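Notes for the structure review
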Amino acid sequence: MSMKHRRYISSKITTGIVLALFLIPVLWLISTSLRPNIEINTRPPVWISRNFNFDSYLALLGFGVNPERFAFGENVPLGAYLRNSLVTAVFSTGLALVIGTLAAYAFSSFKFKGRNGIFLSLMLARAIPGIALSLPLFFLFTRMGLADTSLGLILAHAALNVPFTAWLMAGFIGEIPESLNDAALIDGCSKWTAFLRVELPLVGPGLAASGIFAFLTSWNEFAIASVVSRTTASKTFPVGLFDFTGEFVSDWRGMCAMSVLMLIPAVIFVIIVQRQLLRGLTLGAVKG
Amino acid sequence: MGSKEKQKKEKQKHSSVMLEERRLPVFLLLPAAALIIFVIAFPMIYSLYLSFTNFTLVSQSAPKFVGFRNYMLLFQDSVFLPALGRTVLYIMITVNIELVLGLFIANAMSHVVRGQGILRTILMMPMMFAPILVGFQFKWIFNDQVGLVNNILFEIFQKPVIIPWLIQKPLGFITILVAEVWMSTPFMVIIFLAGILSISPDIIDAAEVDGTTEWQKFIHVIVPSVAPFIYIALAVRSLDVARAYDLVSIMTGGGPAHRTELIWTYVYRLAFTSQNFAIGSAMSYITVLIAIAFTFYFFRQLIKMRKGSGV
C-alpha cells in the first residue's frame, strides 16, 4: 500500500472516530428526549426504542396530553423563558453591533492619542468573568430598578459583547483596501459618509459573524442572568434549565427535551453562517 | 471662480477634514466607553469598595470599613487556596489535552478532501452550545443509575455497575474535565486547521520528497509552522477556562464537600449561599487581578511576536 493511500485511510478512520465522539453525547440527549421515562429507567438498558414520540416537546410547549404525568410540562414556564431569552439576545446583539462597530471604525481608521491604551482596556474588560460582575451588578441594578428586568440584562449582555465585536469588526474594516475609501474622499464625501456608504456595506459578512457570536453569547449566558434575574419577568432559558434540573431530578426526558429546544438556535446559526463564522474565528484569533 | 477663491475653499475643506479627524474618533468611542463604564468598570469599583467592608447580604446597617481584613481572612480559609490550586490544575490539564487532541484532529482533517466542510460544521456545534447545556448533557451521561456510561458498563459486565461518577473523589473532577474538553477541543481544531491549511504546499512537498515519515513530518514541519496559532489558542483558552463556572455549577456545584470546587463556584457560594458578600468580593478581586495580569502579559507577548514574525 502506498504511503499516500495509507495516510488517506488512517485520517479517514481518525476523523470518523472524532466525529462519533462529538456526536454521541448529543444523540444521547436527543434520544432521551424522545423516549418514555419507563424505558429510560429500565435495566438492561434499551438502546433502540420502539416508542419514539414527541410528547415531551408537546407537553413543554403547552399542547397536548401528558400521558406520563411529567414533572415537567405545564409546570415549566417555557414561554416566558423563550420570550425573555429572545428579547434579551436580540436587543443586546443589536446594541453591541452598533456600539462595537462604531468603536471598531475608530480603531481601524484613525490614529489618536491613547488608541492602544483604550484598545487594551477593552480587552481587559473582556477578561473579567460574568460571575465576578454579577455580584456588584445585582446591587447596582437593584438600586436603579433594573434588577429582574430584561433591560438590565440587555445592557449587561451588550457590554459583554462590545469588546469582542469591536475586535472582530476592526479586523474586517481593516481588510477593506484603502484605495476604495480614498476614492470616496476625493469624490467629496466626508470620512463619516464614506464609512456609511463605502465601508459599512462591505463588512456585511463581518457584521453577520459578530452578530451571531453576540446572539449566542447572550442566549447561552448564565452567570449574570442567574443572579440578576429572579422571576419569570426576566429569567432566560439557561437559568430556567438550571432551576428545573435541580428540582425534578427524575424527569430526565423532560429536561433533555428542554435542552434540545435550547440548542436549536445554535445549530441553525452554525449551519446558516458557518462560512462567516469560520472566517471570523480565524480572523479574530490570528489578527487579534 | 477665481483661483484665490478656490484656494480658500480648499483650505476650508482641509481644516474641516482635520477637525473631523480629531473629533470623530471621540464620538465613535463614546457609546462603547459609556456602556462599559456603567456595566463593567463601575460595578468593579463598587465591589472593590465592598471588599474592604464588613458587608453581608443580610446586614441591615451600613457597611463598615475594615481595611484588609477580608483579604487576610481569605488566606486562612481552608477552601480558598485548594480551590485556587484546583483551578490552575484544571486550566493546565484541559488546555494541554485540548492542544494535543486539537493538533492531531486538525492534522487528520487536513487530509480529508471530500466532506471537510460538513465535518467542520459539525465540529463547530459544541463551541456554540451553552456551557450550562454541555454540563447538563454530561451530568446525564455520567448519571450513576441510568446514564450512558454506566449503561455501557452494564452491557459489558452484564450486571448493574453503579459508579457515582460525579460524587467520588477524583472522578467528579475528571468528568468535569471530560465535559470541558468535549466542549472546547473544536475551537483548537478550527484554529489549527486554518493554520495547517495556510502552510505553503512547497514546505510540505519538500518534507515529503526527503522521505520523512508521517510522524516526523507532523512534529518537524506541521507543528512548528502553526506555532503562532498554538500560542494564540493556548492564551485564549487559558483565559476562558480560568472563568469556568457554568459547567461546574450545573454538574456538581463545586461539591460534594468542595471536591470539585473551583474559584468561581466558591465565590458564588461565599457571596450568595453564605451571604458573605465582602469576602466573596475580595476573592473575586484577587482572581480578576491575576487574570488581568495574564491578559496584559499575553497581549504584550503577542505584539512582540507579531513584530518578530510579521503574522
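Residues numbered from 1 in each chain as written. Chains lettered and ligands numbered in written order. Predicted model: local features only at pLDDT ≥ 70, side-chain atom pairs only at ≥ 80, totals over all residues.

We now examine the overall build of chain A. Counting secondary structure elements, chain A contains 13 helices and zero strands. Relative to its 288 residues, chain A shows a buried fraction of 46%. Contacts spanning at least 24 positions in sequence make up 74% of the contacts within chain A whose residues lie at least 6 apart. (Helix = DSSP H or I, 4+ residues; strand = E, 2+ residues; numbered from the N terminus. Buried ≥ 20, exposed ≤ 12 C-beta atoms within 10 Å, placed from the backbone. Contact = placed C-beta atoms within 7 Å.)

Bringing the overall build of chain B into the picture now. Along the backbone of chain B there are 13 helices and zero strands. The C-alpha atoms of chain B give a radius of gyration of 27 Å, which is well past the 19 Å a tight globule of 311 residues would have. (Rg over C-alpha atoms; globule rule 2.2 N^0.38 Å.)

Another point: unusual backbone geometry. All names here are of chain B. In this structure, Gln-158 is a non-glycine residue whose phi angle is positive, near 60 degrees. Within the element layout of this structure, Gln-158 appears in the loop between helix H6 (148-157) and helix H7 (169-197). Phi is positive for Gln-275, close to 60 degrees, though the residue is something other than glycine. Note on placement: Gln-275 falls in the loop between helix H12 (263-273) and helix H13 (277-309).

Turning our eyes to something else, we now look at the domain arrangement of chain A. Residues and elements named next belong to chain A. In terms of domains, chain A is made up of domain 1 (3-74) and domain 2 (76-287). Ranked by the residues each element gives to the side of domain 1 that touches domain 2, the list is headed by helix H1 (residues 3-34), at four residues. Its residues placed into classes, the side of domain 1 that touches domain 2 shows nine nonpolar, six polar and one charged. (Domains from an automatic or database assignment. Nonpolar A, V, L, I, M, F, W, Y, C, P; charged D, E, K, R; others polar.)

Right, let's get into the domain arrangement of chain B. Each assigned domain of chain B is listed with its residue range as follows: domain 1 (1-50) and domain 2 (72-309). Placing a centre on the C-alpha atoms of domain 1 of chain B and another on those of domain 2 of chain B gives a separation of 41 Å.

On to the interface of chain B and chain A. When the parts of a complex come together, some accessible area is lost, and that lost area is often taken as the interface size. In this assembly, 74 residues from chain B lie in contact with 78 residues from chain A. In terms of residues, the side of chain B that touches chain A owes the most to one element, helix H1 (residues 3-50) of chain B, which gives 17 residues. When the residues that make up the side of chain B that touches chain A are grouped by side-chain class, the tally is 59 nonpolar, nine polar and six charged.

This paragraph deals with the environment of Thr165(A). Tracing the backbone through its elements, the reader meets Thr165(A) in helix H7 (residues 150-174). Leaving out residues up to four positions away in the same chain, Thr165(A) has contacts with Ala96(A), Leu97(A), Gly100(A), Thr101(A), Ser210(A) and Ala214(A).

Quick look at the packing of helix H3 (residues 80-111) of chain B against H7(B) now. Residues and elements named next belong to chain B. H7 packs onto H3 with a crossing angle of 45 degrees between their chain directions and a minimal axis gap of 7 Å. The angle between H3 and H7 falls in the class oblique. The way H3 lies across H7 gives a crossing that is right-handed. A per-class count over the contact of H3 with H7 returns 16 nonpolar, six polar and two charged. (Axes fitted to C-alpha atoms, helices over the stretch in contact; angles between N-to-C directions. Parallel < 35°, antiparallel > 145°, perpendicular 65-115°, else oblique. Left-handed = near helix turned anticlockwise from the far one by under 90°.)

In this structure, Ala103(A), Ala159(A), Val162(A), Ala166(A) and Phe192(B) are the most contacted members of the largest nonpolar core, which totals 160 residues. Sequence-distant contacts of Phe192(B), that is, excluding residues within four places in its chain, are made with Gly102(B), Leu103(B), Ala106(B), Val226(B) and Phe229(B). (Core = buried A, V, L, I, M, F, W, Y, C linked by C-beta atoms within 7 Å.)

Residues and elements named next belong to chain B. Interhelical geometry of H3 versus helix H10 (residues 227-242) gives an angle of 145 degrees and a closest axis separation of 10 Å. For the element pair H3 and H10, the recorded crossing hand is right-handed. Residues Thr-87, Tyr-90, Ile-91, Thr-94, Val-95, Glu-98 and Leu-99 of H3 touch H10, and the partners they reach there are Ile-230, Leu-234, Arg-237, Ser-238, Val-241 and Ala-242. In terms of residue class, the contact of H3 with H10 is made up of eight nonpolar, three polar and two charged.

Moving on, we get to the environment of Tyr268(B). Residues and elements named next belong to chain B. With respect to the element layout, Tyr-268 can be found in helix H12. By C-beta crowding, Tyr-268 is classed as buried, having 23 other C-beta atoms within 10 Å. Note: C-alpha distance between Tyr-268 and Tyr-245 (23 residues apart in sequence) is 9.2 Å.

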